[in-house]
Structures are given as structure tokens and as C-alpha cells.
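# Notes for the structure review
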Amino acid sequence: MAIEIIIGLPHLREGPILNRARAMQVSTLISANALSRWNRSKGWPEWRGWRLDLLKNADGLSSLSLDSAGFVALSHYRGYPWATEEYLDLAASYPFRWFASMDYCVEPEIAPDREEVRDRISRTIRVNRDCWRGAHDRGIAHRFMPVMQGRVASDYEFCIDALGDIIDAVPLIGIGSMCRRPVGGSDGVIAIFEHIDRILGEGTMVHGFGIKGTVLSKLRGLEHRIQTVDSQAFGIASRIEAR
């Protein structure tokens, strides 16, 4: 089975991009940040809740999944502007194909040293469990996708071990901090996915966040493990064509 590419949408406003996504019937992904309402009257962005009215525009899409916007939240706002409960309320407001757990990314510009990486992995484990409990409370646990974080292969293994009971209960897990990673090398995209493939139980599929278009051809042989990826390269090309 081929790896499915999910196209990231910059927004859910009516227009050529959304029309093209409907016409192509491609699977799509929206960031929680794109559904946020902001007030900038004080000179800085102040989060004011969700634009739930935009979700009606998802009608006609092949599928829509929800990303927690972890990298944007940490790089632009130095933390999530919304609480876990507020994010889960958003996840429960629409029948998303899946919604990703909140997580704490570990790209070098966010986590410059090992101490910070370990701290963010610990936070990721904790918030996965908070999201899992909240998803059960809202009756949406069947659409929950836990997210693993790491800089090196052993980090992801630690995260998978710590969240093993949740992983055993879901069909799909997300693999974060991929978009700025080199393709080759001991800590490259291929090596990380190959290590994850070896340690995961049979039947657990993965989604790769931010996989570069140039990497896709090099993932051949991992189709039994990688179900979906979201590619910014494919997304940008689709938006340019739509315009």
C-alpha cells in the first residue's frame, strides 16, 4: 500500500485553495492555530478562542485531520496559548479523521541542548496522557493520535515505551520533529523511521509530520509502517497551482 500524502491547509476560508482541495478529494490537515481567534489591540496577539464557524467550510473535503500546532505555538508564542481542555473542546467540535495530541517539539531552534530535549520529551509524555484522558471524557478517544517526540532514535524509543499502553489502544501514532531533520545519517529521517519500525508492535501505523517531498521516494520499504505523511512541499505546490 502506498504512503498517503495529507495536504496541509493554511486556513478554512472559502476560496481557490479550499475549492481545489474539494475538487481533488485529497486528505487534508488543519492546524489549531489556523482556527484560532486573536486580539491584537494591545500590540501583541492575545488568544481569544476558536473560530468554530470555519469548520462548516470543511464540507465536501475528503477528510480533515487536526494538528495541535506545537511548533508554531512554541516558536511564535513560547508556549501553547490554549489549555489542554480548550484544545480537546476543539477536537470534539468536528468529526476529524484524527486529531493529534498536543506535544513539545525538540527541533534545535526550540531545544538547543540535551537537558531541554529531555524536558520536552517528559512534557510530551505527560500531555499525551492528559489528552488521552480528556478524549475519553469527550467520547473521541477513537480519533486520538498520540505523538512521539525525540532528537535521536533512543528518545523516540523512550517516548514509545512510556506511552505503550496508549499506543496499544490506537491504530496510528504521530512522529514529530521531522521537518527540519536531514534525510540520511544516524539521526536522519530514514534511520529514525527504521528504528521505530523495529520497536513498534505489529499493526501500529505511523504518521510522519512535515516529511519533505524529496524524502518520500526514500521511504520505500516502509509502507507497511508509514500510513500517512504531511508534506509542506506538496502543500505549497498545491496552493500555488490553486491560485
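The structure displayed is predicted, hence computed values, not measured ones.

The next point concerns helix 5 (residues 153-162). Taken together, the buried positions of helix 5 are occupied by Ala153, Asp155, Tyr156, Cys159 and Ile160. The arc that holds the buried residues of helix 5, viewed along the axis, is 160 degrees, so those residues lie on one side. Facing away from the buried side of helix 5 by more than 90 degrees, the exposed set consists of Phe158 and Asp161. Each element contacted by the buried residues of helix 5 is listed here: helix 4 (114-138), strand 8 (147-148), helix 6 (164-167), strand 9 (172-175) and helix 7 (189-199).

Summed over all chains, the structure comprises 9 aromatic pairs. Aromatic rings pair up to connect Trp47, Trp50, Tyr80, Trp82 and Tyr104 into one cluster. Against the face of tyrosine 104 rests arginine 123, its NZ or CZ located 5.7 Å from the ring centre.

As a further point, take the pairing of strand 4 (residues 46-50). It is a general feature of regular strands that their side chains alternate between the two faces of the sheet. Relative to strand 4, strand 3 (residues 36-39) runs antiparallel, the two being bridged by 3 bridges. Within strand 4, the position partnered with tryptophan 38 by the bridge is tryptophan 47. Here strand 3 hands over to strand 4 after 6 residues, with glycine 43 in that stretch at a positive phi of 95 degrees.

Of note, alanine 69 is a non-glycine position whose phi angle comes to about 65 degrees, a positive value. Take alanine 69: it is sitting in the loop between strand 5 (63-67) and helix 2 (70-76). Even without a glycine there, the phi angle at serine 177 is positive, about 55 degrees. Mapped onto the elements of the fold, serine 177 is located in the loop between strand 9 and helix 7.

This part is about the pattern of salt bridges. Considering all chains together, one arrives at 13 salt bridges under this definition. A salt bridge links arginine 138 to aspartate 89, with the shortest nitrogen-to-oxygen separation between them at 3.0 Å. Taken together, the residues arginine 138 in helix 4 and aspartate 89 in helix 3 (residues 84-91) connect sequence positions 49 residues apart. Note on arginine 138: relative accessible area 25%, which makes it partly exposed. Note that arginine 114 and aspartate 155 form a salt bridge whose closest N and O atoms lie 2.9 Å from each other. Here arginine 114, found in helix 4, pairs with aspartate 155, found in helix 5; they are 41 residues apart in sequence, far enough to count as distant. Aspartate 155 sits in the buried class, given a relative accessible area of 5%.

Criteria and cut-off values
Residues numbered from 1 in each chain as written. Predicted model: local features only at pLDDT ≥ 70, side-chain atom pairs only at ≥ 80, totals over all residues. Heavy atoms only, no water. Buried < 20%, exposed > 50% of the residue type's maximum accessible area, 1.4 Å probe, protein only. Helix = DSSP H or I, 4+ residues; strand = E, 2+ residues; numbered from the N terminus. Arc of directions from axis to C-beta. Contact = heavy atoms within 4.5 Å. Phe/Tyr/Trp six-rings, centres within 6.5 Å; stacked < 30°, edge-to-face > 60°. Lys NZ or Arg CZ within 6 Å of the ring centre and 35° of its normal. Pairing = 2+ DSSP bridges. Salt bridge = Lys/Arg side-chain N within 4 Å of Asp/Glu carboxyl O.

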